[in-house]
There are 2 protein chains.
Amino acid sequence: MSFKVSGSLAEQIAGHLQDRIISLEIKPGDWIRELSVAEELGISRSPVREALRILEKYRMVEIIPRRGAVVTEMTPEFIRELHEVLIELLGYTGRKCTENATQEDLAKIEEAAQRSRTCSQNRDLYGYYRAVIDFGLACLTAARNRLAEQIISELLPSIRRIMYISFATMGDSLIEDAEIITAGNRYVQERNGEMAEKTVRDYISKLQSYVLPSTRESESPHA
Amino acid sequence: MSFKVSGSLAEQIAGHLQDRIISLEIKPGDWIRELSVAEELGISRSPVREALRILEKYRMVEIIPRRGAVVTEMTPEFIRELHEVLIELLGYTGRKCTENATQEDLAKIEEAAQRSRTCSQNRDLYGYYRAVIDFGLACLTAARNRLAEQIISELLPSIRRIMYISFATMGDSLIEDAEIITAGNRYVQERNGEMAEKTVRDYISKLQSYVLPSTRESESPHA
DNA sequence: GTTTTATAAATTGTCGACAATCGACAAAAC
DNA sequence: GTTTTGTCGATTGTCGACAATTTATAAAAC
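Residues numbered from 1 in each chain as written. Chains lettered and ligands numbered in written order. Predicted model: local features only at pLDDT ≥ 70, side-chain atom pairs only at ≥ 80, totals over all residues.

### Here we look at the sheet that holds strand β3 (residues 68–71) of chain B
All names here are of chain B.
At step 1: Read across the sheet, three strands follow the order β1-β3-β2 without closing on themselves; strand pairing throughout is antiparallel. With one partner strand each, in any of the chains shown, β1 (31–32) and β2 (61–64) form the two edges of the open sheet.
At step 2: Direction of pairing for β2 relative to β3: antiparallel, over a ladder of four bridges. In the strand pairing of β3, isoleucine 63 is matched with alanine 69.
At step 3: Lying on the sheet, helix α3 (residues 45–57) is in contact with β1, β2 and β3; it crosses β2 at an angle near 120°. (Pairing = 2+ DSSP bridges. Helix = DSSP H or I, 4+ residues; strand = E, 2+ residues; numbered from the N terminus. Contact = placed C-beta atoms within 7 Å. Axes fitted to C-alpha atoms, helices over the stretch in contact; angles between N-to-C directions.)

### Points about unusual backbone geometry
Residues and elements named next belong to chain B.
At step 1: One non-glycine residue, arginine 59, lies in positive phi territory at about 60°.
At step 2: Summarising the element assignment, arginine 59 is placed in the loop between α3 and β2.
At step 3: Of note, arginine 191 is a non-glycine position whose phi angle comes to about 55°, a positive value.
At step 4: Summarising the element assignment, arginine 191 is placed in the loop between α9 (174–189) and α10 (193–211).

### Looking at the packing of helix α4 (residues 76–100) of chain A against helix α4 (residues 76–100) of chain B
At step 1: At a minimum axis separation of 9 Å, α4(A) and α4(B) run at an interaxial angle of 140°. Once α4(A) is placed against α4(B), the crossing between them reads as right-handed. Here Glu88(A), Leu89(A) and Tyr92(A) of α4(A) lie close against α4(B), whose contacting residues are Glu88(B), Leu89(B) and Tyr92(B).
At step 2: Of the residues in the contact of α4(A) with α4(B), the class split is four nonpolar, no polar and two charged. (Left-handed = near helix turned anticlockwise from the far one by under 90°. Nonpolar A, V, L, I, M, F, W, Y, C, P; charged D, E, K, R; others polar.)

### Description of the nonpolar core
The tendency in soluble globular proteins is for nonpolar side chains to be buried as a group.
At step 1: Core analysis: the largest hydrophobic core is formed by 75 residues, its most contacted members being Ile109(A), Phe135(A), Cys139(A), Ile109(B), Phe135(B) and Cys139(B).
At step 2: If we ignore the near neighbours within four places in the chain, the residues touching Ile109(A) are Phe135(A), Ala138(A), Cys139(A), Ala142(A), Asn185(A) and Val188(A). (Core = buried A, V, L, I, M, F, W, Y, C linked by C-beta atoms within 7 Å. Buried ≥ 20, exposed ≤ 12 C-beta atoms within 10 Å, placed from the backbone.)

### Points about the relation of the copies chain B and chain A
There are two copies of the chain, and a rotation about an axis plus a shift along that axis relates them.
At step 1: In screw terms, the move from chain B to chain A is a rotation of 180° and a rise of 0.0 Å along the axis, fitting with an RMSD of 0.0 Å. These values place the two chain copies in the arrangement generated by a two-fold rotation axis.
At step 2: Of all interface residues in chain B, 100% are interface residues in chain A too; the two copies therefore contact each other through one and the same surface. (Least-squares fit on C-alpha atoms with pLDDT ≥ 70 in both.)

### Quick word on the protein's contact with DNA strand D
At step 1: Neighbouring residues of DNA strand D: 16 residues in total, closest Gly68(A), Leu9(B), Ile43(B), Ser44(B) and Ser46(B).
At step 2: Counting only elements with at least two residues in the surface near DNA strand D, the list comes to α2 (34–41) of chain A together with α1 (9–22) and α3 of chain B.
At step 3: Of the residues assigned to the surface near DNA strand D, the class counts are six nonpolar, four polar and six charged. (Near = placed C-beta within 6 Å.)

### Looking at the environment of Val48(B)
All names here are of chain B.
At step 1: Topologically, valine 48 is positioned in helix α3.
At step 2: With 25 C-beta atoms packed within 10 Å, valine 48 lands in the buried category.
At step 3: Counting along the chain gives 111 residues from valine 48 to isoleucine 159, while the straight-line C-alpha distance between them is 24 Å.
At step 4: With residues up to four places along the chain from it excluded, the contact list for valine 48 reads Ile13, Glu34, Val37 and Ala38.

### Topic: α3(B)
At step 1: With 13 residues, α3(B) extends 19 Å between its outermost C-alpha atoms, agreeing within 8% with the 18 Å of an ideal straight helix rising 1.5 Å per residue.
At step 2: The set of residues buried in α3(B) consists of Pro47(B), Val48(B), Arg49(B), Glu50(B), Ala51(B), Leu52(B), Arg53(B), Ile54(B) and Leu55(B). (Expected span 1.5 Å × (residues − 1).)

### Digging into the interface of chain B and chain A
At step 1: At the junction of the two partners, chain B supplies 18 residues and chain A supplies 19 residues.
At step 2: Counting only elements with at least two residues in the side of chain B that touches chain A, the list comes to α3, α4 and α7 (146–165) of chain B.
At step 3: In terms of residues, the side of chain B that touches chain A owes the most to one element, α4(B), which gives eight residues.
At step 4: Of the residues belonging to the side of chain B that touches chain A, the class tally is nine nonpolar, two polar and seven charged.

Shown next, in the form of structure tokens:
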């Protein structure tokens, strides 16, 4: 619910570049040249440089000294590593939120879970995944660990990139997935930490198996 | 075995500031003014700005738009959150390195473990903690998860800050700790994932209990 | 005496220019 | 023909100056 229109120029540019990277308009492995971006947007290089440092924090680019910024590649190895890390961190989050969630938190979690169910029944893939993300973020907030929140937020762009890449192949699992979310929500509402954690871990493992094959054909010609 | 003498100016400055923050020469809550740092080092503000963005990545400062950079506070809440995250991530690392460690990895882990033992017997507190960190880093490398490696590396400065703050009160546990490290090492060498993970988790939990009380008296006058 | 408003100082944000460095290509040596 | 060396172009790194914004200070109103 943030109404911030602008933010600093650097942040706007970071957002702009982030969108273009997620949508594959700028491809993994591409170099981002400061001057190109600056001229294209009619600004100077300083804010562009800062934007690149912001993107580096979110692992969207890798800054190589005196060489510039490359868009990070979504290799199968990275995807596997990300899922393994998420299993641990989100598993922890699931358990913690059964301990710390307020009634208000639980309500928000419930809402997102129901929305995901509705969307899955309507075959609204985009709405479904937005609901799942909201569900996760609501649990994250409820877990009351700012650091974990930060770390996972910094991973979110990578998650979105993977989702964008494998959007096509993931539709199959939609109904099945929705039931897992429903189950996870139930465990959270019942404050069953052990099962909440287990459900999350299983869910991420399952996601990985859907996502990994779809990275095979990713061959990007360098511009 | 790297021969890099300098690194970019910004990185050097980041290192310089990091040292001063860890050693409490610059205190939590202090504002870092770009011009002050630049004049003090006889350089311009641009590399200082970049240095601050680097420090932000390592959670040493918080950059607030149009306000500047504040040194992050090591509150008991943050310390608790950090330990909880580390229990998950390092636990995972311990388990994974039993699966993926090469003979070379195991040798390095063994060396660090033995060194920690020697240092603890000699009451060499500084050497001991360096050995423990090396032990952890060796396990981390052996776990073969670059992302986890990155995330934990970004947490390392926070760990060092906590260690610096509570260096005095931690000497007590030295011998006891050394035995846990030895046990952990044994499980890794035997490739017993379950026990390696459990040992790490217990160790971090124990660390937390030693560290947390020492944050009570932290009252820092703003400069 | 407290609150509000206006002004001044300090600080970050952005800019354009110059310096330093790296990569690619071509020329020369072997 | 292959390797080495040198030059050129492109790109990042750093600088000093100016603009925009925020905080601090002081005056005025109530």
